[in-house]
Every structure is written in structure tokens, then in C-alpha cells.
4 protein chains.
Amino acid sequence: MFNFGNFLTLSTFGESHGIAFGGIINNFPAGLEIDFEAVQYQLDRRKPGQSAIVTQRKESDTVKFLSGIFEGKTTGTPIGFLIENENQKSKDYDHISTAYRPSHADFTYDQKFGIRDYRGGGKSSARETVNWVVAGSLAKQLLPKKVEITAYVSSVGDIFCEKPYQELDFSKIDSNNVRCPDSATAEKMISKIKEIKKEGNTIGGTITCVIKNLPAGIGEPVFGKLQAELAKAMLSINAAKGFEYGSGFCGATMTGKDHNDLFNENFTTQTNLSGGVQGGISNGMDVYFRVAFKPVATILRPQKSVDKDGNSIIVEGKGRHDPCVLPRAVPIVESLASFVLADLFLINRMRRI
Amino acid sequence: MFNFGNFLTLSTFGESHGIAFGGIINNFPAGLEIDFEAVQYQLDRRKPGQSAIVTQRKESDTVKFLSGIFEGKTTGTPIGFLIENENQKSKDYDHISTAYRPSHADFTYDQKFGIRDYRGGGKSSARETVNWVVAGSLAKQLLPKKVEITAYVSSVGDIFCEKPYQELDFSKIDSNNVRCPDSATAEKMISKIKEIKKEGNTIGGTITCVIKNLPAGIGEPVFGKLQAELAKAMLSINAAKGFEYGSGFCGATMTGKDHNDLFNENFTTQTNLSGGVQGGISNGMDVYFRVAFKPVATILRPQKSVDKDGNSIIVEGKGRHDPCVLPRAVPIVESLASFVLADLFLINRMRRI
Amino acid sequence: MFNFGNFLTLSTFGESHGIAFGGIINNFPAGLEIDFEAVQYQLDRRKPGQSAIVTQRKESDTVKFLSGIFEGKTTGTPIGFLIENENQKSKDYDHISTAYRPSHADFTYDQKFGIRDYRGGGKSSARETVNWVVAGSLAKQLLPKKVEITAYVSSVGDIFCEKPYQELDFSKIDSNNVRCPDSATAEKMISKIKEIKKEGNTIGGTITCVIKNLPAGIGEPVFGKLQAELAKAMLSINAAKGFEYGSGFCGATMTGKDHNDLFNENFTTQTNLSGGVQGGISNGMDVYFRVAFKPVATILRPQKSVDKDGNSIIVEGKGRHDPCVLPRAVPIVESLASFVLADLFLINRMRRI
Amino acid sequence: MFNFGNFLTLSTFGESHGIAFGGIINNFPAGLEIDFEAVQYQLDRRKPGQSAIVTQRKESDTVKFLSGIFEGKTTGTPIGFLIENENQKSKDYDHISTAYRPSHADFTYDQKFGIRDYRGGGKSSARETVNWVVAGSLAKQLLPKKVEITAYVSSVGDIFCEKPYQELDFSKIDSNNVRCPDSATAEKMISKIKEIKKEGNTIGGTITCVIKNLPAGIGEPVFGKLQAELAKAMLSINAAKGFEYGSGFCGATMTGKDHNDLFNENFTTQTNLSGGVQGGISNGMDVYFRVAFKPVATILRPQKSVDKDGNSIIVEGKGRHDPCVLPRAVPIVESLASFVLADLFLINRMRRI
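Because the structure is a prediction, the values reported are computed rather than measured. (Residues numbered from 1 in each chain as written. Chains lettered and ligands numbered in written order. Predicted model: local features only at pLDDT ≥ 70, side-chain atom pairs only at ≥ 80, totals over all residues. Heavy atoms only, no water.)

Draft legend 1. Up close: the pattern of salt bridges. All names here are of chain A. Here the structure, examined in full by the defined rule, presents 92 salt bridges over all chains. Ionic pairing is found between K47 and D44, a salt bridge with its closest N-O pair at 3.7 Å. Taking the relative accessible area as the measure of exposure, K47 reaches 23% and is therefore partly exposed. Within this structure, R101, D106, D110, R116 and K308 form a network of salt bridges that share partners. (Salt bridge = Lys/Arg side-chain N within 4 Å of Asp/Glu carboxyl O. Buried < 20%, exposed > 50% of the residue type's maximum accessible area, 1.4 Å probe, protein only.)

Draft legend 2. Quick peek at the relation of the copies chain B and chain A. By a simple turn and slide, chain B fits onto chain A: the slide is 0.0 Å along the axis, the RMSD is 0.0 Å, and the turn is 180°. Both chain copies can therefore be described as sitting about a two-fold axis. (Least-squares fit on C-alpha atoms with pLDDT ≥ 70 in both.)

Draft legend 3. Representation of the packing of aromatic side chains in the model. All names here are of chain B. Applying the stated rule across the entire model yields 66 aromatic pairs over all chains. Taking the centre distance of 5.6 Å and the plane angle of 40° together, the rings of Y152 and F170 count as tilted. Placement of Y152 in strand β8 (residues 148-156) and of F170 in the loop between β9 (159-160) and α4 (183-198) is noted, with a sequence separation of 18 residues between them. Since its relative accessible area comes to 3%, Y152 is described here as buried. (Phe/Tyr/Trp six-rings, centres within 6.5 Å; stacked < 30°, edge-to-face > 60°. Helix = DSSP H or I, 4+ residues; strand = E, 2+ residues; numbered from the N terminus.)

Draft legend 4. Representation of the interface of chain D and chain B in the model. Taken residue by residue, the interface counts 20 residues in chain D and 20 residues in chain B. Per-residue buried area on chain D facing chain B is highest for D:M350, D:R351 and D:I353; these three make up 39% of the total on that side. Inspection of the chain D/chain B interface yields 0 salt bridges. For the side of chain D that touches chain B, a count of residues per class yields 12 nonpolar, 4 polar and 4 charged. (Contact = heavy atoms within 4.5 Å. Buried area = accessible area lost by both parts, 1.4 Å probe. Nonpolar A, V, L, I, M, F, W, Y, C, P; charged D, E, K, R; others polar.)

Draft legend 5. Examining the sheet that holds strand β10 (residues 205-212) of chain D more closely. The strand order across the open sheet built from 10 strands is β9(C)-β8(C)-β10(C)-β14(C)-β11(C)-β11(D)-β14(D)-β10(D)-β8(D)-β9(D), with neighbouring strands paired in antiparallel fashion. A single partner strand is all that each edge strand has here, and the edge strands are β9 (159-160) of chain C together with β9 (159-160) of chain D. Summarising the sheet, strand β8 (residues 148-156) of chain C and strand β10 (residues 205-212) of chain C pair through 8 bridges and their orientation is antiparallel. Each residue of the ladder has a partner; that of C:V153, found in β10(C), is C:I207. Along the sheet, helix α4 (residues 183-198) of chain C makes contact with β8 and β9 of chain C, crossing β8(C) at roughly 55°. Against the sheet, helix α5 (residues 226-234) of chain D makes contact with β11 (240-245) and β14 (287-293) of chain D, and its axis sits at roughly 160° relative to β11(D), the strand it touches most. (Pairing = 2+ DSSP bridges. Axes fitted to C-alpha atoms, helices over the stretch in contact; angles between N-to-C directions.)

Draft legend 6. Structural view of the pairing of β8(C). Residue and element names in this part refer to chain C. Across the 9 residues that make up β8, a large majority, 8, are buried. In this structure, β8 lies alongside β9, joined through 2 bridges in antiparallel fashion. Bridging from a neighbouring strand, V156 pairs with I159 of β9. Two successive antiparallel strands, β8 and β9, enclose a turn made up of 2 residues, where G157 displays a positive phi of approximately 55°.

Draft legend 7. A look at the relation of the copies chain D and chain B. The two copies are related by a screw operation: chain D maps onto chain B through 180° of rotation and 0.0 Å of translation along the axis, at an RMSD of 0.0 Å. Both copies contact each other with a shared surface, as 100% of the interface residues of chain D are interface residues in chain B too.

Draft legend 8. Main features of the packing of helix α1 (residues 36-46) of chain A against helix α8 (residues 326-348) of chain A. All names here are of chain A. It is at 7 Å that the axes of α1 and α8 come closest, and there the two elements cross at 140°. Residues Q42, R45 and R46 of α1 touch α8, and the partners they reach there are P327, R328, V330, P331, I332, E334 and S335. Of the residues in the contact of α1 with α8, the class split is 4 nonpolar, 2 polar and 4 charged.

Draft legend 9. Quick peek at the interface of chain B and chain A. If you look at the interface, chain B gives 109 residues, while chain A gives 109 residues. Summed over both sides, the interface between chain B and chain A buries roughly 8400 Å², with carbon and sulfur atoms accounting for 64% of that surface. On the surface where chain B and chain A come into contact, there are 4 salt bridges. Across the pair A:E229 and B:K232 runs a salt bridge, and its minimum N-O distance is 3.2 Å. The tally of links between chain B and chain A comes to 45 residue pairs in polar contact (both at pLDDT 80 or more). For the side of chain B that touches chain A, a count of residues per class yields 44 nonpolar, 41 polar and 24 charged. In the sheet, strand β11 (residues 240-245) of chain A pairs with strand β11 (residues 240-245) of chain B via 3 bridges, with the strands oriented antiparallel. Directly across from A:E244, in β11(B), lies its bridge partner B:G242. (Polar contact = N/O pair within 3.5 Å; in protein donor to acceptor, adjacent residues only side chain to side chain.)

Draft legend 10. Region of interest: the confidence of the model for chain A. Across chain A, the average pLDDT comes to 96, with 99% of residues at or above 70. With pTM at 0.98, the complex prediction returns an ipTM value of 0.98. (pLDDT = per-residue confidence, 0-100.)

Draft legend 11. Region of the structure containing the state of the cysteines. Residue and element names in this part refer to chain D. Counted according to the given criterion, the structure contains 0 disulfides over all chains. Unpaired in this structure, C180 has its nearest cysteine sulfur neighbour in C161, at a distance of 4.1 Å. Residue C180 is classed as buried on the basis of its relative accessible area of 0%. With no disulfide partner, C209 has as its closest neighbouring cysteine sulfur the one in C161, 14 Å distant. Residue class for C209 comes out buried when judged on its relative accessible area of 0%. (Disulfide = S-S within 2.5 Å.)

Draft legend 12. Molecular detail of the sheet that holds strand β15 (residues 302-307) of chain B. All names here are of chain B. Spatial strand order, β7-β15-β16: 3 strands in an open sheet with antiparallel pairing. With one partner strand each, in any of the chains shown, β7 (99-100) and β16 (312-316) form the two edges of the open sheet. With 2 bridges joining them, β7 and β15 adopt antiparallel strand pairing. By the bridge assignment, Y100 is partnered in β15 with V306.

Draft legend 13. Geometry of helix α2 (residues 106-113) of chain B. Residue and element names in this part refer to chain B. Counting buried positions along α2 yields 7 of 8 residues, so the element is predominantly enclosed. Those residues of α2 that fall on the buried side of the exposure criterion are D106, F107, T108, Y109, D110, K112 and F113. Of the residues flanking the end of α2, it is G114, one or two places downstream, whose phi is positive at about 75°.

Draft legend 14. Region of the structure containing the environment of C:I115. Secondary-structure assignment places C:I115 in the loop between α2 (106-113) and α3 (129-140). A relative accessible area of 14% places C:I115 in the buried class. With residues up to four places along the chain from it excluded, the contact list for C:I115 reads B:A30, B:G31, B:F70, B:K73, B:T74, B:T75, C:Y109 and C:D110.

Draft legend 15. Structural context of α3(C). All names here are of chain C. Here α3 contains 12 residues, and its C-alpha end-to-end distance of 16 Å stays within 8% of the 16 Å for a straight helix at 1.5 Å per residue. Most of α3 sits out of view: 11 of its 12 residues are buried. In this fold, the buried residues of α3 make contact with β1 (9-13), β2 (20-26), α1 (36-46), β3 (63-65), β6 (79-84) and α8 (326-348). (Expected span 1.5 Å × (residues − 1).)

Draft legend 16. Seen up close, the side chain of B:H259. Mapping B:H259 onto the fold places it in helix α7 (residues 256-259). Judged by its relative accessible area of 0%, B:H259 falls in the buried class.

Structure follows, in C-alpha cells:
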């Protein structure tokens, strides 16, 4: 229980300042030749220290596969993997052991469990997502080659990439540090993040993800709807505050006459406000969705807070933190979407006699 | 697989024009004296024909409990229930058996399954939600009495209830047909829906849901985050297009300094942009979220479409349909939220030795 | 949780003297033309009143499918079904409401739940198995036609069918009331049961089940081993006390040299002490197993017992009870085995890229 | 899917000659002070090389906990652990890469997956059980201290420990290498195993497990019956061929009059043929069961076999193998039983309001 996925499942473990993160992928089909570079590529896009606008912490984030792969191919048995924490021992965290940092999970973990590993946020650290990137990058390789899953930063604070995704050149996403394919917008975003960083502040934003060439038929009719599985995955990301797909919240302002996607004779649709999903099942059009991220809670400024006894204290983030998680969250969104799709893809093999 | 819930689970069945809907709730604790009227109350708020702005179809929507309840109390064994379809035989659906209605699931079901019950949308009909209301209304009774789960219509088309939920009098929600607690806004919404209905058109909107007095500690740290479970539940509703909680998409435009919720000395927070959840776990503040609904796809106007062979056809909704699902979706949102919470509540009993 | 099956899942409900039994099968593939007579055939083999050596209670045990089947074919959506209790109202059970019958579940249900439906054993009644026969009979139809799943009574008390299954003519199983294919043994068994019945006593026995023509590759390597899934299923039957497959307990007395099944050049094996399974996965040879059933706990003789307050009482079964469940358990064993196999069969479709 | 457990779950990975074995335990309650020595104690009882009658292979089998434990206490978050393989690199396995060893899983893995790690049996190796011992030893610590779970070797080949378990002194179990508490029988067993070993042969046997002081109420009424969960667990052990509890197969020869366990006024029963379980739920009496193990398939003698192309070959086990797995299986049986009970124990907390 509380694994990720339905048939293809991921269990994970790890705390920010523990020995290692890692996971187990169950029910991965046999016979896939793994592209290890593709996995490392996504890990590198997620890792700290990759550019001036993300945390300067250093982790090599190399994954070690411990089982389930033999002579480069999956064997169908559980895939165990490990990412060692290299940077976990240097700090003394005693001073925060009893502090409740604003908008962090210190208080809620204590309320729930009565105990927590407070070093670097422990289990609540977003470093957990390193596991998801490994699993998602493997899962991606299960999908038909033609399926493209592409995420990009579509807003930072109040700077929005105004162009619809159809007008963007996705090959430009990694051409800048913020991972927005529109260069002009990207520049503004980067300036904004630098400015925010200078203030010791942080900023939120949104990521848009587009899935192209997904065959029709993926997703389940009642409790495994494609959009519900995606929403659950995305809202599992530490800073995520919202999810919308297709017309999303904007669609809520429309009328049926304007919102309905009329069919062409080849079963494509003239518009795609549905976001590629009808009745929980993909229809062959692009699936696209948007995820909202709050600003990182750790700011490098003094904030009033309380300790576990309710005493007033001052907390102040120190050292190396992300002023904006968006650039690093791009591969996380892609990875989770990949895992959701691979799981539903496999399941779809069993849905007809 | 593909049940609803983790420990407390719901399996359901039923098609729009089949014999009955129904479900089985597993692992419901023993010894609860069921308030059957509370269940019927929510069913009545969901049922068709209840007011001038919803479909005029007639269904009594009475639930029959078949097991798991003895002398008015739950026995801890599976609760089976049934809601018979009363209105299912009158229509001849042959004319739509091969039609693909725009923004309906006709095409995707055919793509996935190669067969479908086309009568009234079959399994893709939102009549499925009648099961959820039964299950959610029972689940609600598992929660501490003080926990209040209240949903209301916060927008219809471009008419928004501008007041924050804190300023609204929730006792007014059912005082009007649209279920918006602000009377002035409600009137505008009702007029809008009537106008839209006259045009044979439909309209979308949003529902806001507020959970008060939820104890801290509910929700799981990694893959069972409270917000992720709620998002999955809400995106399972047939017309839902988006979900946000706390500051939501708006929070994505903010900075950390402004977004962080500072603690008071009693561990409440001065603001609640977190939406009552930190690290996936409730913190004792109000949990609130918003769900976007697209306009109903069935409009009473001719639309160009195709049949399953790709031939151009005209489809036109006839008879009794909802111009706006929002008023009837209010109890659905409440019920799903109740089920999610009851499930996580029970699970929380096992999280400490 | 606590459904039956992994991917193909069955949820059930019902109490002995409730309104109905029923269930929901999830993830049944679309497009199967259902042989309803095959389902009823197995129900008839399980039903009470079918012969002189089983309970004389009368139930027509006809199943009503409520969803998931359209124009005779499965649609891929949940299959809901119902078997109404016809015989549930006649009796007054007040006198046993506080009695704890020996070797029944009255006491344990009270200990666990603090409440129970005491009428006819309530949820602990083996009438639950009617659901399993429906589900298993449908599941059987998912398997390749050549797969034969045959159970028979291999012992009643100390009367054993001495011949190995290979020497038996399975077409004779239903030629007698006890469902033992060896006529001479069957006669002895029947006499034994009649004699036991006359004494108001009951008797146990074993059922052997043989699965022929199962392709190699079915079953999972670690926690979904074919034998483990079968064992779990069989030990879920109300009176089951043991399970062994292949050489079973007898194999525990052997040496490796004698026990190993040597391969022929076509990959069949010269012996089959493995019981058709190696490493949890079928090898193409016959899968066979044996299930032990205790004697029915309800005997028509006075027994000393206690009530819920610990007072000494006398209980005495009255009316119509099975002197021996074995004949009626044959279709139950076949049905559960069918469901296990269909589930693992579907899953096997996903185990290679 | 295909994890072990229902609420408390274990995922595992590892191959015989891979880098490491390991696992993740989900939903372990917070706040338990771990007795690490108790874990290592059971690992030592399972490990190779511990006595003259088991394999002489050397592995230290020390477990490394990677997460979920902080300052010696569980935190409620996933527990990741690792057992490194120390002995995996020395051998050249090329000669068996295409061989199908009799009664091993080489053939079935190939049939299922089309690929396998053939070194030392790969995933089908019983070394997987090292994971189960870790998890079970932790799970044991969740149970009330008074619950005693004790397994012992009750037969080796045709040498049976004739005394009922009630007459045995469990403190003697580890006083001899075979783990049979009756010294005279133990000596015979040890001689038998030594003799068998000299012949390069192997031998099977049975293990009896007794659970004392288990409170009433543990186990679920329909698909999570205590005996079914235990049966599934035990039949997951690599060489297990059968499971019986209480009167077991012997009970199948009895009559109801003799088999029924009459209640005493304090709700204990005069006899315990039920094996401590009625209706799937513990009744407070001893739970006891017996597991049959086949002889190890690897024998140090030439056997005729085939390779993957169906060519006739000779295979011959070499080096260090167990002549009898029974002594090392004792802690495995205890560990799996512990995990099953801890899982059902936690779940039982949620079964009443």
C-alpha cells in the first residue's frame, strides 16, 4: 500500500541526510534493453548544482542498479536501485531539531508520527524525487518510441510563456537554464529568479507537459482515469498546488457549444479542449496538462516561527537552496507522467480478450 | 485493482440504462449506527429532477443495503448496496449506437474495448456517481462529528463568487437551486443557467470544498499525500478538468516570503495558503480546494460529428439533460472528499505503535 | 483490500440470511461472449438440495448480471451480479443470537467486531461461496479452451480413492452424488455419508484438483507464485484445513534423487512430482493439488457449549445441514482455481515487452 | 502488486549472484525502538555455513538499514534495507547458462521471461528469503511481547518427531543443528542428513510452527483469513509443497462429533483441532501449522537433463549446497508468520469504530 502505480509499481525509500535513496520497481516486463544514458540524462536534469539558478549543493546522483537487469536487459524480476547521498554528513542539524519551519512538514510529521528525522527535512525532502526520475526514465522506455513526453516551464511568478504549446519549439527547452522553450520569456524568467535569489527569497511557477502520439485507449473507465492518475502523480510532487488538463480551469468558464471538440472524419478532433482524454481514456490527440508549484518554503531570510514546545523562535535558511524549483521539476514531471503511462499501457494489454 | 480507496475500498458497477448501479464497501469498521437519512439526504441533493436548473429526468435514487449492516449497525463485513435504475427502458437508443458524440467517451470506449453499451452513455454516464454518494455518505459517518466537509458552487461560467469562503454563510448553500451561499451571486448564476438552457447550451463552473476541524496528522508522507488522494478523487468525476488546493495556481505566482504560513504559538498558522496540508499531511487548519468542471458535452443543438465508420453525421441531444452539472456535483465532491478522509483516518490509526 | 485476485479482482458481499449475495468483478477483459449456461451449471453443482447426501435446503441460486455485459458480451467494465436469498426469512434465530456454537465463528466474530449477524452464521456462512462460483465460472471462460480444470472428491473420512488421478475417468465425476470418478469408491463414500447423516454427525474429506494443458509461464516469481495463489484461494474456503500440490507432504519424505523430475527432450518431464510448477511458474505439465476439508461443525446432536456471557448451554443443530460438504465443494475448488489462473494468465500478458 | 502483505507491505529485490538483496517495508508504524540484535539473530539462524549439515558457503548476511529508522527508532516512513552478496563473484557460470537443471526454475523462467540471470539460480534462488527474515524480524517486534512464534523441524525424510508440540521443550530447538527440540529425534535426523549428504543426495521434511498467546480477533472474515494468509506466505517459500493448520489433512478423516472443539466457560476450548482459528479469525488458542518441504533439487550426482535447445546433457551439482534446507528454513517460517501476523494485527486496529 502507498506504492506508486497500479500494476507496474514503485516502492521507494530514503531521507535527505540518510545513507541513500532507492527504490524497487515491480512487474517491469522482461527483455527490454535499458538505455542507461537516458536515465542518467534525466537525473542530470534534476540534480542540484547544474546551473546558477538552482541550489549549488553538489550531488553526483548516479544510480546503481542492484537487480532485475542482466547483461543490459530487464529480466522481468524486481529492479532494485540505489542513489547514494554524498553530501549528507557535513552539517550539524541539531539547531533545527525542534524548530518548526514555516510551510515545511516539520510540524505535521511530528503530529503524525511523534518522531522525525529532522536533518535536511528527512523524508519530506524533495530529494525523494530522485527515485521517481530513475523509475520514470525506465518506464519511459517501455512506451512505444513515438510517444513523446515533454515538460517545460510555462511560468515563473507572473512571467508567463504566452504562446500555446503548439507554437513552441520543444528542442529549445534545454537551451536555457530555466527550461522554457521561448527564449525571450526564458530570459525574463531567469532574471526574475536571479533577482529573487538575491533577496534570499523564492518564487513559484507552473510546468506544462505535453504527451504526443499517445495511442487511443489508454486509461481506465472508472477509478483509473488517465487524468486522475496523472493528477495524483503530480500532486505527489512536494511543492505542487494544482493540476489541470486540457481546457482546465479555463474550460470551467465556457459553454458546451464552444468547448466540445468536433470530430474530423479520421477521428481526430478539430479542437482539443478535452486534452486528449474522454471518459478517462486517451483519444489519440495530444494529452496536455499544467502543474502549479508554490514557491520553495526555505528562504534565506529570518522568519518568525515556533519550536515544538510552542516557543517563539527565528528561523533562517542558510546555505544552498533552490530559489525556484521549476527548472529541476521539469524532468520530475516527465518521469511521473512516463510512469503513469507505462503502467496504464501495460494494463491496457489485458483489457480485451 | 481500480477500486477507490486504499484500506477502506469501494468497488462499483452500473451503466446508465442497465438494471441497477451498486457497490461494495470493504473494511468498513464494525459498530457504527448508520444514519440512513443522511445518506438519502445527499442522494436527494444529487438526484435528477430536483429543480428547474437541472435535468428533468426522474429517478427516486433510493439505496437498498444488501449486507454488512445488522439491526442498523455496521458489522465490519462488506457492505453491498444497490440503486435500481427506474428510468432506463423507455428510450430507443439504436440511432446512436454507432454515433460518436463530440466530447463524449463513445469513441474512446470503442477504441479501448471494441464494444460498449451505448444506451445513455453506458458506463461513461455520470450516473456512476450515485454509487459514490452512497459510499461517501457512509464514510462521512466514520469521521469525528466535528469534521465538517462543505462544498458549494463558486463559479458558473464567468460568474464568480468573489468572497473568500471565510466570509460565506454555509448554511445558505441549499437555500437556492445552484448551491452558492452568496445569494446575489446565486441569482446571477441561476439566471445564467436558465439562459444557457434556453439556448440548448450548457455551461461549466467550479466547486470549492472546505474541510473544517480536521485533526492534524491525516495523509501519508510519500505516495498517499492528502492532496494527491483528493486530486485523484476529484479528477475521477466525469466532467472535472482541474484541481487546486490552498493557494493553488495563484500560489504559483507568489514568492516564498509572501506564501509561507507563519506559525502562531498554538501551532495554528497566521495565513493558510498551504490549504491545511504540509508534506502531504493535514496540519489542523482548514483544508480547502477547488475543482473545475467543463460544460456538459450533451447540448440540445445539432452538431457535426462522425459515426464509427468515419461517416459525417449530425448529432443532437434530445430530452432531459443538465445545462450545468455544478449544483448536482456539490454532494459528489463532498462524498468523495469524505471517503478519502475516512480512508486516511482509519489508516492513521496504524501509523504509530 | 481483501478482494480476491490481483489484477482481475472480485469483491463480494452477502450474509446467510440477508437479502442477497453478490459481487463485482473488476478488469474483466472486453469482448468475451459469455456462456451463461456454464455459469449456471456450476451453480447447480454447488447448490443445496441437489441430492440425498447434501443439505435439503432449497435455493434456486440463479444469478442475475447487473452490468458489464452487453448483448451477451463483456464490455470491459465492472461486472456486477446478484444471487437473491430465497430461503432466508422462515426461521427464528433469536435462540442462537447469544450462543457460541462449537467450531463455528460465532465467538471469533464477536471478539473481532463486537457485533454479528447471527442468523444462519451470517457472513461466516459458506453460502458466500456462491459468489465465488459465479466469478470463477466467468473467469474460466477467459482461459484458453484447452485448459481443463477438474476437481473430484478423493476421500471421505477414511475412504480414499486409491487410484492416481491419471487412471481415473473424469467424465464419471458427476455420474454419482459424491463426485468421485471411481464408482466403487463412490459407492462406499455415499454409504458412509448416509450412515454419518443418520447419526446426525458429519464427516470430512479431501478434494483433488487437476489442471491440464496449462501453458508454461503462468505464475509470478516471488510473491505471486502459482502454488501460493492457489493455496491462499483454497484456504479461503470455509472448511479447508490443508493444501498440498505435486508430491505435497509425501514429497517431504523423499530424497532429491527420487524427487527430481527429469526432462524429456521436448521439455516435458518423466515424472511430475513438481506438480506442474517450478519456481512458482507453470511448466506445462499437469498442475494438481489436494485440499483437506474438516467435517461440518453443525451436527444434529446436542453439544455442550457456552453463550456470550460464558454460561453453559446445550446447542443442537436442527433442520437441513450438510453431512459432508465435499460433493458441493467440488465446483467451488474448480471455480477458485479458475479465477486464480485467469488472473495470472492476464498478468502474464504484461511480463515481456 | 505482488508485494508481500496487505497494509504492512514488503517489496524485495535481489539475485543469487547480483550485487545485493534488499527490500522496502512500507507503513511500518513510527516509534518502535528496534532490537537490531534480534534481527541479526534470525539472520544468523538462516545463514549458510552455520553448521556441518547445511551448505558450507560463507556469507556474513549483515543487514544495513538505509532509511526509516532514526536514532534507533522507526519513523513511520519506508524502511529500506540491504544485504550485500559477498560470495557472488568467484564462480564461472557459463557452463550452466543454457542448462535446464531438473526440478529447478531454469526452464520456467525462460518460458515466462525469455531471459534469466542464470548465475546461481538468479532470482529463483532461495537467497531471496534473507529479505524475508529481515522484514519478519522487524515485524515480530510490532506484536505484543507475549506473542510467541516458534518453528521447529518436525520431520526429516521418514524420521518424525512423534511427540505433539505440547510435550516439547521449545528452549531446546537451537540446542542441536537440525532444530528439532526432541534430542533423540534430532540425533536421528542429523545422522540421516549426514548420510544423505555423503551420497551427494538431499532430503525433504516438515516444519511445525506454533503461535502462542495470540489474542482473539486477528484475521479477516472473507479474503484475508488468517489461515489463507499464512498458507500463501508459506507456499511462497521456495521448496514448500504443502501447508496444513490445526487438524489439517488428518482432520479430513474425522467426524464432526470428534472434531468440534467444545468451549470451556472462559471461552478457551477443550481441544484445539481448529488450530486457533475459526472463520478465518484467531480465537485465542494456539495457532499451529505444518509446512512440507521437498528435497533440495541440486544434488551432487550426475543427472540426465536437457539444454534450452532440447539437447540431452548431464548436469551435476558441485560445491557447497544444502543437503536439507529444513534447519535453515526454521527462521524463515517464523519470519513470514511474524510478518503475516503484524500485518493483520495492524489492520485489526481499524475494524471497529
